[in-house]
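Listed below are the residues making up each chain.
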Amino acid sequence: MVAPAFVDLLDPDRDELRRALSIGLESVDEWQALRPAGDVRPRIVARDHYVFAVLLVAVVVPEENRVYYQELDVVVLPDELVLIRKTPPDGEPFDTAAVHEGCREHDAPGIKVAILLDVVAERYLELVDDIDAEIDELEDKLEALTAREIGRRIADLRHDILQVRRHLTPTRDAVRRLVDGRIDDEAGRDVVPRDAEIRLGDVYDKLLRATESLDLARDLVSSARDYHQSLIANQQNDVMKRLAVVASLLLVPTFIVGVYGQNFDHMPELHWRLGYGFSWGVIVVTTVGQLVFFRWKRWL
């Protein structure tokens, strides 16, 4: 019995791709397989003689606070599995070591696809854990970072979560089509054997859990944003309170100076030798009295 072939290609050209396949691909699939890595929608489609899949794996770089995507194109034939890896412009290509370790020599292509999807699902779960760690770090530093830094990190996290979810959701839906047997019906043959369906059921559960965790992460980021906005509002209230206290402290001295600045002839204090000191005494006493009152009210 000849073992099904597992061909692993990295950034192939047209000749390499055609040599690796026992049949020709439809033009749209060949174009997809040969185009550079980019922002594509994950999908799994059944053709007349093969099944074609496009997968994206999100990778987080914590030290740079960014996420990039590794593209995988998969061609599933009755006795052959061709994996096309593409190098992203801002990162490393997908590492297939875990896939090769999990596959046995005589496994059917459907089993190997299930193992590949399981590795992809694990990567998404690890990604969600990394995002949760980023959110925890942000929450711990909410009162230490500047408003500009917090706003930028919250915006970056929200953008990354939405982008990951935009790719994770169609991946989950594509796996569901495999689990339900819809791909088998469209292909007219048993693409996914029974053993693979059981494994794909676990893969679907992992992707579903990752999706729910992303929704929770998005809610946590929203809560962090609301808390940050409440901190800003409280800081603004404190500033306004201090400004009101300063204005109150200046109000009484301004009133006193205004009274004695009217230059009427019949103001006894104007001709009193101690009048100047008396006005200063009134200003000092009223100011100190206000300071004591504001401290007692804990407004300062």
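Right above here is the structure, for reference.
The structure contained in this document is the topic of the report that follows. Predicted model, so just to flag it, every value in this text is computed and none were measured.

1. Side note on empty space enclosed by the protein
Move 1: Following the criterion strictly, the structure yields 1 cavity of 30 Å³ or more and no others.
Move 2: For the largest cavity, the calculated volume is near 100 Å³.
Move 3: Considering the residues around the largest cavity, the lining is formed by 14 residues, among which Ile-44, Val-51, Val-76, Val-113 and Leu-178 are closest to the centre.
Move 4: Among the elements that make up the lining of the largest cavity, the one with the highest residue count is helix α4 (residues 109-140) (4 residues).
Move 5: Its residues placed into classes, the lining of the largest cavity shows 13 nonpolar, 1 polar and no charged.

2. Looking at the packing of aromatic side chains
Move 1: On inspection of all chains with the given rule, the structure shows 2 aromatic pairs.
Move 2: Among the aromatic residues, those joined into a cluster by ring pairs are Phe-293, Phe-294 and Trp-296.

3. Some thoughts on the sheet that holds strand β5 (residues 80-86)
Hydrogen bonding along the main chain pairs the strands of a sheet, whether they run parallel or antiparallel.
Move 1: Spatially, the 5 strands line up as an open sheet ordered β1-β5-β4-β3-β2, and their pairing is mixed. Since the sheet does not close on itself, it has two edges, and those belong to β1 (5-10) and β2 (43-46), each with one partner. The average undirected angle you get between the axes of adjacent strands in this sheet is 15 degrees.
Move 2: Looking at chain direction, strand β4 (residues 66-77) and β5 are connected through 7 bridges and run antiparallel. Counterpart to Val-74 in the pairing with β5 is Leu-83.
Move 3: Across the face of the sheet, α4 comes into contact with β1, β3 (51-61), β4 and β5 while running at roughly 25 degrees to β3.
Move 4: Packing of helix α5 (residues 147-180) onto the sheet brings it into contact with β2, β3 and β4, and relative to β4 it is tilted by some 20 degrees.

4. Some remarks on unusual backbone geometry
Move 1: The backbone of Asp-11 sits at a positive phi, close to 50 degrees, despite the residue not being glycine.
Move 2: One can find Asp-11 in the loop between β1 and α1 (14-20).

5. Points about the pairing of β5
Move 1: Across the 7 residues of β5, 7 count as buried, placing the element largely inside the fold.
Move 2: Covered by surrounding structure in β5 are Glu-80, Val-82, Ile-84 and Lys-86 together with Leu-81, Leu-83 and Arg-85, the residues of both alternating faces.
Move 3: Of the strand pairs in this sheet, β1 and β5 are connected by 6 bridges, and their pairing is parallel. When the sheet's bridge partners are listed, Leu-10 is paired in β5 with Arg-85.

6. Section: the nonpolar core
Move 1: Core analysis: the largest hydrophobic core is formed by 72 residues, its most contacted members being Leu-72, Val-74, Val-75, Leu-116, Leu-117, Tyr-124 and Val-164.
Move 2: Breaking this core down by element, the ones donating at least two residues are α1, β2, β3, β4, β5, α4, α5 and α7 (194-260).
Move 3: With 16 residues, α4 is the largest single contributor of residues to this core.

7. A word on the environment of Leu-168
Move 1: Here Leu-168 lies in helix α5.
Move 2: Taking the C-alpha atoms as reference, Leu-168 lies 9.1 Å from Leu-208; in sequence the two are 40 residues apart.
Move 3: Apart from residues lying up to four places away in sequence, Leu-168 is in contact with Tyr-124, Leu-207, Ala-210, Thr-211 and Leu-214.

8. Section: the pattern of salt bridges
Move 1: In the structure shown here, the tally under the stated rule is 19 salt bridges.
Move 2: Note that Asp-118 and Lys-206 form a salt bridge whose closest N and O atoms lie 2.8 Å from each other. Of this pair, Asp-118 sits in helix α4 while Lys-206 sits in helix α7, placing them 88 residues apart in sequence.
Move 3: Taking relative accessible area as the criterion, Lys-206 reaches 15% and is therefore assigned buried.
Move 4: A salt bridge links Arg-225 to Asp-226, with the shortest nitrogen-to-oxygen separation between them at 3.8 Å.
Move 5: On the basis of relative accessibility, which here comes to 43%, the residue Asp-226 falls in the partly exposed class.
Move 6: Three or more residues are tied together by salt bridges with common partners; here these are Glu-134, Glu-137, Lys-141 and Arg-153.

Criteria and cut-off values
- Numbering of residues starts from 1 in every chain and runs along the sequence as written.
- Totals for whole chains, interfaces and linings use every residue, but because this is a predicted model, local features are given only for residues with pLDDT of at least 70 and side-chain atom pairs only at 80 or more, for both listing and counting.
- Water and hydrogen atoms play no part in the side-chain values, which are based on all heavy atoms of the structure.
- Grid points spaced at 1 Å over the protein atoms alone were grouped into cavities, where a 1.4 Å probe fits but cannot get out, and pockets, open sets with protein on both sides within 12 Å along at least five of seven lines, with lining residues defined by an atom within 4 Å of a point.
- Grid points are joined across faces, edges and corners, and a volume is the space filled by probe spheres set on the points.
- Helix numbers and strand numbers start at the N terminus; a helix is a DSSP run of H or I with at least 4 residues, a strand a run of E with at least 2.
- All amino acids are sorted into three groups, where Ala, Val, Leu, Ile, Met, Phe, Trp, Tyr, Cys and Pro are nonpolar, Asp, Glu, Lys and Arg are charged, and the leftover types, Gly among them, are polar.
- Classification of ring pairs rests on two measures: the distance between centres of Phe, Tyr or Trp rings, Trp counted by its six-membered ring, which must be within 6.5 Å, and the angle between planes, read as stacked under 30 degrees, edge-to-face over 60 and tilted in between.
- A pair of strands is treated as paired once DSSP finds two or more bridges between them.
- Note on definitions: angles span 0 to 180 degrees between N-to-C directions of axes, and those axes are lines fitted to C-alpha atoms, for helices only across the stretch in contact.
- Residues count as neighbours in contact if any of their non-hydrogen atoms are within 4.5 Å of one another.
- Exposed residues in this analysis have more than 50% of their type's maximum accessible area, buried residues have under 20%, and partly exposed residues fall in between, with area computed by a 1.4 Å probe over protein chains only.
- Buried residues of nine kinds, namely Ala, Val, Leu, Ile, Met, Phe, Trp, Tyr and Cys, make up a nonpolar core once their side-chain atoms join them within 4.5 Å.
- A pairing counts as a salt bridge when a side-chain nitrogen of Lys or Arg comes within 4 Å of a carboxyl oxygen of Asp or Glu.

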